[in-house]
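Structural description and commentary
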Amino acid sequence: MTPLVLFYIAGAFALGGAVGVVGTRNVVHAALFLLVALMGVAGIYLLLFAEFLALVQVLLYGGAIIIVVLFALMLTRLQEFSSGVMENKQWPIAALVSLGAFILISVAVARSQGGAITDRAGPGVLLLGESLFTQWAIPFEVASVLLLVALIGAIVIARSGEGEP
Amino acid sequence: MITLVHVQVLSAGLFCIGLYGVLARRNAVLVLLAIELMLNAVNVNLVGIAAFVDHSKFLGQIIAVFVITVAAAEVGLALAIILRLYRNKGTTNVDQLNLMKW
């Protein structure tokens, strides 16, 4: 199969999953649809020569974030959403705004000059790792500290305080 | 042959679906999922342009790595805040969480 056919398949997974996320009434199904969308995006990363990012996408989103989201859904009450509508009153405006933004971006993109993405050879992951740990070492460390601080903050926020249930 | 326009239109589609989810959903966790969609749309755009412009520098891919890191931190913090709100307010409906609304 040509890359374009594979791109269309992965894109269909991504867009279909995305529509499922915003369209379904069941919140657990929404999280699972997000998994479908993210795996489609991982396929697109593979087609765009970003093998490392595709692996990170599968590991981090598929393995970690979806599980955490499912835990959060199980710890909060779902009954109040099970019967009623899932959208608020402003959903027609929201649909209009999103559609308008999509048309605007698509027209702008179609008028720009975007050529074909050509094939390339060479060890992608190797060069990416070298670049990440030499040229981008300090931003990388800052990002890891950010992640640590955010997770400690999450624990502090989610933990019940003294005397609270 | 995949062109840059394909990638950018796909990215715009993902972003706008996510935008609709953020604006229209009532459950705070579902709003968070839609934000994840928008962040992934940005990453698709970055990776696509990185593949189109220059194969050797990996600038777009490295920024995408950082975006994924920030997204993971954001999900952890946001879910903790949602759990806390649920414990204090008894709801995750964003229409009722108008404590800071003027």
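Residues numbered from 1 in each chain as written. Chains lettered and ligands numbered in written order. Predicted model: local features only at pLDDT ≥ 70, side-chain atom pairs only at ≥ 80, totals over all residues.

Counting secondary structure elements, chain A contains seven helices and zero strands. Counting from the amino terminus, chain A carries its helices and strands in the arrangement α-α-α-α-α-α-α. Evaluated residue by residue, chain A yields a buried proportion of 24% over its 165 residues. The long-range fraction of contacts in chain A, counting pairs at least 24 apart against all pairs at least 6 apart in sequence, stands at 55%. (Helix = DSSP H or I, 4+ residues; strand = E, 2+ residues; numbered from the N terminus. Buried ≥ 20, exposed ≤ 12 C-beta atoms within 10 Å, placed from the backbone. Contact = placed C-beta atoms within 7 Å.)

Our focus in this paragraph is the overall build of chain B. Looking only at helices and strands, chain B has three helices and zero strands in total. In sequence order, the secondary structure elements of chain B are arranged as α-α-α. In terms of principal-axis extent, the alpha carbons of chain B reach across some 50 × 25 × 25 Å. Counting all 102 residues of chain B, 60% fall into the buried class. Sequence-distant contacts in chain B: of pairs separated by 6 or more residues, those separated by 24 or more amount to 49%.

The next point concerns the interface of chain A and chain B. Listed by partner, the interface residues are 70 residues for chain A and 61 residues for chain B. Of all elements in the fold, only helix 1 (3-23), helix 2 (27-47), helix 3 (51-75), helix 4 (79-82), helix 5 (91-111), helix 6 (124-133) and helix 7 (137-158) of chain A reach the threshold of two or more residues within the side of chain A that touches chain B. By residue number, the principal contributor to the side of chain A that touches chain B is helix 5 of chain A, which donates eleven residues. Per-class residue counts for the side of chain A that touches chain B are 57 nonpolar, ten polar and three charged. (Nonpolar A, V, L, I, M, F, W, Y, C, P; charged D, E, K, R; others polar.)

Moving on, we get to the packing of helix 2 of chain A against helix 3 of chain A. Residue and element names in this part refer to chain A. It is the contact of helix 2 with helix 3, at a shortest axis distance of 9 Å, that shows an interaxial angle of 175°. Judged by the inter-axis angle, helix 2 sits roughly antiparallel to helix 3. From helix 2, Val27, Val28, Ala31, Leu34, Leu35, Leu38, Met39, Val41, Ala42, Tyr45 and Leu46 reach across to helix 3, where they touch Glu51, Leu53, Ala54, Gln57, Val58, Tyr61, Gly62, Ile66, Val69, Leu70 and Leu73. When grouped by side-chain class, the residues that make up the contact of helix 2 with helix 3 number 19 nonpolar, two polar and one charged. (Axes fitted to C-alpha atoms, helices over the stretch in contact; angles between N-to-C directions. Parallel < 35°, antiparallel > 145°, perpendicular 65-115°, else oblique.)

In this section: the confidence of the model for chain B. Residue and element names in this part refer to chain B. On average, chain B scores 87 in pLDDT, and the residues at 70 or more come to 95%. No element of chain B has a lower mean pLDDT than helix 3 (residues 59-89), at 89, and none a higher one than helix 1 (residues 4-24), at 92. Confidence metrics for the complex model read pTM 0.88 and ipTM 0.89. (pLDDT = per-residue confidence, 0-100.)

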